[in-house]
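Residue strings, one per chain:
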Number of protein chains: 2
Amino acid sequence: MFSRFQQEFFLAKAETLKPQLKRWKVSADAVVTPVKDCTVWQDYRMVKGDLDTFLQNNDFVNGSSFIVSLPETTVGQIAFTIDFCKGYADSPSRLQITCGELPREVIDAGLPYNGTLNGSWLQTEVITIDDLPCQVILPRRYSGKYIRFDMLNVPGSVKFSDIHIIACGVEDSLLPPPENLPELLKKIDQASIRTLRNCMQHSFEDGPKRDRRLWLGDLRLQAMVNKVTYRRFDIVARCIYLLAGTLLPDGEVCGCVMEHPFPRSGCHTHDYAMLFPLLLEEHCRWSGDLTVGEELFDLAEYQLKLMERFFDNGLFVGISDPFKDWFFVDHDLELDRQAAMQGHAITGYHSLVKLALMLGKVDKAAEFNAKADLLVSVAREKLFNPATGLVESGKDRQLSYASQIWMIISKVLTPQEGRKALQTIENTPGALKPSSPYMFHYLLEAWDICGDKEHLMELLTGYYGGMIKNGADTFWEVYRPDEPFFSPYEDIRMNSACHAWSGTAAYFLRK
Amino acid sequence: MFSRFQQEFFLAKAETLKPQLKRWKVSADAVVTPVKDCTVWQDYRMVKGDLDTFLQNNDFVNGSSFIVSLPETTVGQIAFTIDFCKGYADSPSRLQITCGELPREVIDAGLPYNGTLNGSWLQTEVITIDDLPCQVILPRRYSGKYIRFDMLNVPGSVKFSDIHIIACGVEDSLLPPPENLPELLKKIDQASIRTLRNCMQHSFEDGPKRDRRLWLGDLRLQAMVNKVTYRRFDIVARCIYLLAGTLLPDGEVCGCVMEHPFPRSGCHTHDYAMLFPLLLEEHCRWSGDLTVGEELFDLAEYQLKLMERFFDNGLFVGISDPFKDWFFVDHDLELDRQAAMQGHAITGYHSLVKLALMLGKVDKAAEFNAKADLLVSVAREKLFNPATGLVESGKDRQLSYASQIWMIISKVLTPQEGRKALQTIENTPGALKPSSPYMFHYLLEAWDICGDKEHLMELLTGYYGGMIKNGADTFWEVYRPDEPFFSPYEDIRMNSACHAWSGTAAYFLRK
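Everything in this summary refers to the structure shown in the same document. (Residues numbered from 1 in each chain as written. Chains lettered and ligands numbered in written order. Predicted model: local features only at pLDDT ≥ 70, side-chain atom pairs only at ≥ 80, totals over all residues. Heavy atoms only, no water.)

1. Details of the overall build of chain A
Then comes step 1: Scanning chain A for helices and strands turns up 16 helices and 16 strands.
Then comes step 2: Against the globule reference of 24 Å for 511 residues, chain A gives a C-alpha radius of gyration of 24 Å, in line with a compact fold.
Then comes step 3: C-alpha atoms of chain A, sized along the principal axes, occupy 85 × 55 × 45 Å.
Then comes step 4: Taking as baseline every contact in chain A between residues at least 6 positions apart, the subset at least 24 positions apart corresponds to 75%.
Then comes step 5: Accessible surface, chain A: about 19100 Å² in total, of which carbon and sulfur atoms supply 52%.
Then comes step 6: Each charge class in chain A can be summarised by its mean position, and for the 54 positive and 67 negative side chains these summaries are 2 Å apart. (Helix = DSSP H or I, 4+ residues; strand = E, 2+ residues; numbered from the N terminus. Rg over C-alpha atoms; globule rule 2.2 N^0.38 Å. Contact = heavy atoms within 4.5 Å. Areas by Shrake-Rupley, 256 points an atom, 1.4 Å probe, with all protein chains shown as cover. Lys, Arg positive; Asp, Glu negative; His and termini not counted. Charge placed at Lys NZ, Arg CZ, Asp CG, Glu CD.)

2. Comments concerning the interface of chain A and chain B
Then comes step 1: Contact residues are listed per partner, giving 35 residues for chain A and 35 residues for chain B.
Then comes step 2: Both faces combined, the contact of chain A with chain B buries some 2700 Å², and carbon together with sulfur accounts for 45% of it.
Then comes step 3: The largest per-residue losses of area from chain A upon contact with chain B belong to Tyr-88, Arg-94 and Asn-118 of chain A, which jointly make up 20% of the total buried on that side.
Then comes step 4: Across the contact surface, chain A and chain B share 4 salt bridges.
Then comes step 5: At the junction of chain A and chain B, the tally comes to 26 residue pairs in polar contact (both at pLDDT 80 or more).
Then comes step 6: Those elements that place two or more of their residues in the side of chain A that touches chain B are strand E5 (93-100), strand E6 (124-129) and strand E12 (264-265) of chain A.
Then comes step 7: Ranked by residue count, the leading element in the side of chain A that touches chain B is E6 of chain A, at 4 residues.
Then comes step 8: Among the residues making up the side of chain A that touches chain B, the classes are represented as 15 nonpolar, 11 polar and 9 charged. (Buried area = accessible area lost by both parts, 1.4 Å probe. Salt bridge = Lys/Arg side-chain N within 4 Å of Asp/Glu carboxyl O. Polar contact = N/O pair within 3.5 Å; in protein donor to acceptor, adjacent residues only side chain to side chain. Nonpolar A, V, L, I, M, F, W, Y, C, P; charged D, E, K, R; others polar.)

3. Digging into the pattern of salt bridges
Then comes step 1: Inspection of every chain in the model, using the stated rule, returns 68 salt bridges over all chains.
Then comes step 2: The salt bridge partner of Asp-189 of chain A is Arg-510 of chain A, with a shortest N-O separation of 2.7 Å. Of this pair, Asp-189 of chain A sits in helix H4 (residues 183-199) while Arg-510 of chain A sits in helix H16 (residues 505-510); the two residues are 321 residues apart in sequence, bridging distant segments of the chain.
Then comes step 3: Using a relative accessible area of 0% as the deciding quantity, one classes Asp-189 of chain A as buried.
Then comes step 4: For Asp-473 of chain B, the salt bridge is made with Arg-194 of chain B, and the minimal N-O distance between the two is 3.8 Å. Of this pair, Asp-473 of chain B sits in the loop between helix H15 (453-469) and helix H16 (505-510) while Arg-194 of chain B sits in helix H4 (residues 183-199), and the two are 279 residues apart along the sequence. Here the two residues Asp-473 of chain B and Arg-194 of chain B agree in accessibility, since each one is buried.
Then comes step 5: One continuous salt-bridge network, built from bridges that share partners, spans Lys-22, Glu-171, Arg-232 and Asp-234 of chain A. (Buried < 20%, exposed > 50% of the residue type's maximum accessible area, 1.4 Å probe, protein only.)

4. Some points on the sheet that holds strand E12 (residues 264-265) of chain B
All names here are of chain B.
Then comes step 1: The 3 strands are arranged E10-E11-E12 in an open sheet whose pairing can be described as antiparallel. Of all the strands in the sheet, just strand E10 (214-215) and E12 have a single pairing partner and so form its edges.
Then comes step 2: Sheet topology note: the E10/strand E11 (residues 256-258) ladder contains 2 bridges and is antiparallel. In the sheet register, Trp-215 faces E11, and the bridge partner there is Cys-256. (Pairing = 2+ DSSP bridges.)

5. Let's talk about the relation of the copies chain A and chain B
What relates the pair of chain copies is a rotation about an axis plus a shift along that axis.
Then comes step 1: Rotating chain A by 180° and moving it 0.1 Å along the rotation axis overlays it on chain B with an RMSD of 0.1 Å. Viewed as a symmetry operation, the transformation between the two copies matches a two-fold axis. Judged by C-alpha distance, Val-126 of chain A is the residue of chain A that lies nearest the rotation axis, at 2.8 Å.
Then comes step 2: A high fraction, 100%, of the interface residues of chain A reappear at the interface in chain B, so the copies pair face to face through one surface. (Least-squares fit on C-alpha atoms with pLDDT ≥ 70 in both.)

6. Observations concerning the environment of Leu-375 of chain B
Residue and element names in this part refer to chain B.
Then comes step 1: Inspection of the secondary structure assignment puts Leu-375 in helix H11 (residues 362-382).
Then comes step 2: The buried category is assigned to Leu-375, whose relative accessible area is 7%.
Then comes step 3: In the structure, Leu-375 is positioned 241 residues away from Cys-134 in sequence and 65 Å away in space, judged by C-alpha atoms.
Then comes step 4: Dropping the residues within four chain positions of it, Leu-375 is found in contact with Phe-311, Gly-314, Gln-342, Ala-345, Ile-346 and Tyr-349.

7. Digging into the packing of helix H1 (residues 4-16) of chain A against helix H9 (residues 291-307) of chain A
Residues and elements named next belong to chain A.
Then comes step 1: Here H1 crosses H9 at 155°, and the two axes come no closer than 12 Å. Judged by the angle between their axes, H1 and H9 are roughly antiparallel. As for how H1 packs across H9, the hand of that crossing is left-handed. Residues Phe-9, Phe-10 and Lys-13 of H1 form the contact with H9, whose own contacting residues are Thr-291, Glu-295 and Leu-296. (Axes fitted to C-alpha atoms, helices over the stretch in contact; angles between N-to-C directions. Parallel < 35°, antiparallel > 145°, perpendicular 65-115°, else oblique. Left-handed = near helix turned anticlockwise from the far one by under 90°.)

8. Comments concerning the nonpolar core
Then comes step 1: One finds Phe-276, Leu-296 and Ile-405 of chain B to be the most contacted residues of the largest nonpolar core, which totals 133 residues.
Then comes step 2: Ranked by residues supplied to this core, first place goes to helix H10 (residues 338-358) of chain B with 10 residues.
Then comes step 3: Residue contacts for Ile-405 of chain B: discarding those within four places in its chain leaves Leu-422, Met-439, Tyr-442, Leu-443 and Ala-446 of chain B.
Then comes step 4: By size, the runner-up hydrophobic cluster in this structure holds 131 residues, among which are Tyr-272, Phe-276, Tyr-401 and Tyr-442 of chain A. (Core = buried A, V, L, I, M, F, W, Y, C linked by side-chain atoms within 4.5 Å.)

Such coordinate-based values are descriptive only and should not be taken to indicate function.
As structure tokens, then:
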């Protein structure tokens, strides 16, 4: 596809769009004591105490520790002042500092880690301070609401003050919630916006605590919330250019871009690549900026061209080697992805049609329309069961929310058919449910398309409201209401509690 | 004594003399494997291998580690390049890095520390590197010849290259040894100069690894070596001004100054304060700069005035509260310090006499001469036993090297008497021997005064040469030839292997 030279041009455009981050101070406002309480999410209640009094009245010696909390989940650098208590500090001070989004990250800071992802993602540092008194600013960025201090080796006893985070982000404040909303929905709206704001750094990150990279799938969702809130289309454009500047060797847009130390591509994620035309078309339409559409139209087209190898006579037959060809769709290995991927491709072609029309490329529009039509008709013929009103996927005719949802998003089903399919699947024992909030977003979107406001609101208040009731002020990467200790990584401390793909509630509340 | 205002003036003078440190690169030049060998100092031999080959051929995964060595003990910041091996780094890298002057500091890096000094002095850091590849420069300064890398959490496997220390100091190179010296003495000379060079930072530090502060007692010894080597009298003057600018509330010059975050006094160390006139007089004489002598003459005089409370009719009777009034003299709690302290005071008065004469204060000279004479005659009467030719100290008439030495330094004994006393004490069973290299220096000085070159050279080659034979290239804070595992701090890892007070051999070889 695009040459290295052309890609460098897109990276240069991305660079010109790199935002100057704002910085602001978020002070710790309470000392917290974890209290075991099995009625609470993940079994611990954080009991707050007055921080100033606590810090004034307490000196800390080797082996002691304490935890403070912040008024909201914040992204930035931890800062504090430390001084000695008596005489003079005759030696350096060695501290362990742990930042946590959720209580167990700080409560269990001392426990061994045996999760599946690299333990370096745990937000813990051992620092050595040469001279006291000293204001310390940790060099790395963290995401959290709790900070734990452990005195490993301090000279005699030490005191702390002015514990805060130097927050950073493209935007420093939240937008007020729509006035007419009930209280819970206001909280959902604010948590959704906070999630977006905290992820909006030099690019739209998937999570400011872990991964911290630009995922194409997450970006499309962030762009939706951004449209109804901050409208920072410059950051969306920057991200699109980053994707266009870091193509995989075969020309596919990669699933994720790592920005540092220089922008480069992560892995093949074919479902995300199929959504690239959708991302591009929505961005052009919402921002009114057609330049990026002009520049990247060919690239968008090429993504679907690349995917043709996964189709046989208009039917998705892909998934042969799950390690080589990753069709993510949802965090669920059991899910048969045929119908969902058919939907992704159709959505991609539909987006190309709209984009072609926007750019005056009438012939192209007709060409993609034809391709979409073929896939739609094959889908209706092979995947849709008119008898049950349900979409079935794969050889085993698997029933899942995901299959219904993607046939709705891709307009293979009419809104009426879709509404019926979703209602039917709800009452189908054994049908695979959405696993990750990423899939829950597309369920919200599907209900929205079908005009089923009741189910939409029920999901918002039930699923997203459930996180709020469990203490969230940003939305979580993983939320299974009945499995508080579930982690895809086999350690709950590794879960991200501020994660882009969970943050689209505000879009549905505000659009 | 001097007002806060006057002290600030001295600190301002010290600031104007603050040196710009040189920086230079010292690359690791070998990978080393520790091999247990009980014939070797502290039981481990470090077997060297080719570093480039080792780093090129090895990838490092979680749990792996390696140790490199440098061509010489170096002070500065550790730096290296780290990269991932395959695919891309999907997460940060967490490493433990340990710097050691002697092998056991890195070999035993993982063992628990239960020494008496704060464990934060152990030169170990846990760092987290966000993005690979990356050149890492650790922010703190270390002193060492060995660097150990432990992979705590790395993404897959990682590679290292360009491991080095960005060295720092007032002087970047050693001076060549005097040509006519035998090989061992050349090595002693070089280790002595390297010790001085490594300690010569923004002030003369006692040890670049631990304490890292300006001790008056050590400074006098460093000034002696400096006189016959680098002749950086500006740094000596700076240190004297730092001492004059950080007086204790009673006007006593403190035992040590901590420079950071702002210069301030450590503890009372009365024997050091009594040597302040000696330090000042020698500096003025050697540098030819009388200004500092003029400015600080009153302060030097005041030190001995303050000490009068420890004397009764010209005899030192001090030591009542060892925690309040510290008379260091040597690392030996059993040592009776009466004779040594008598010697310190006399040395102080003699120095005041010389300084007064240098500055044309004839009346003052006479006054101090009279005071010195009284103390000398009392010392001869009460402490010197003409029958044995030995100096006896305290109620129990304790016999020690320290007592003989300080009666020689202070000229209470003639060189002939001193020579006889030292020879006699050598053959006196139960006489307390010098414990620390600080005391060994004064033994060298005493033999020098007595003109006993044979003993002087024997001590140089035996004691200081012993460290060389045990692998030293800088001289150690603590060296007991028969006790390789002795530490005043109950953990050998805490001992400093580059320590100012051990580094005066070059003075005697070059003066």
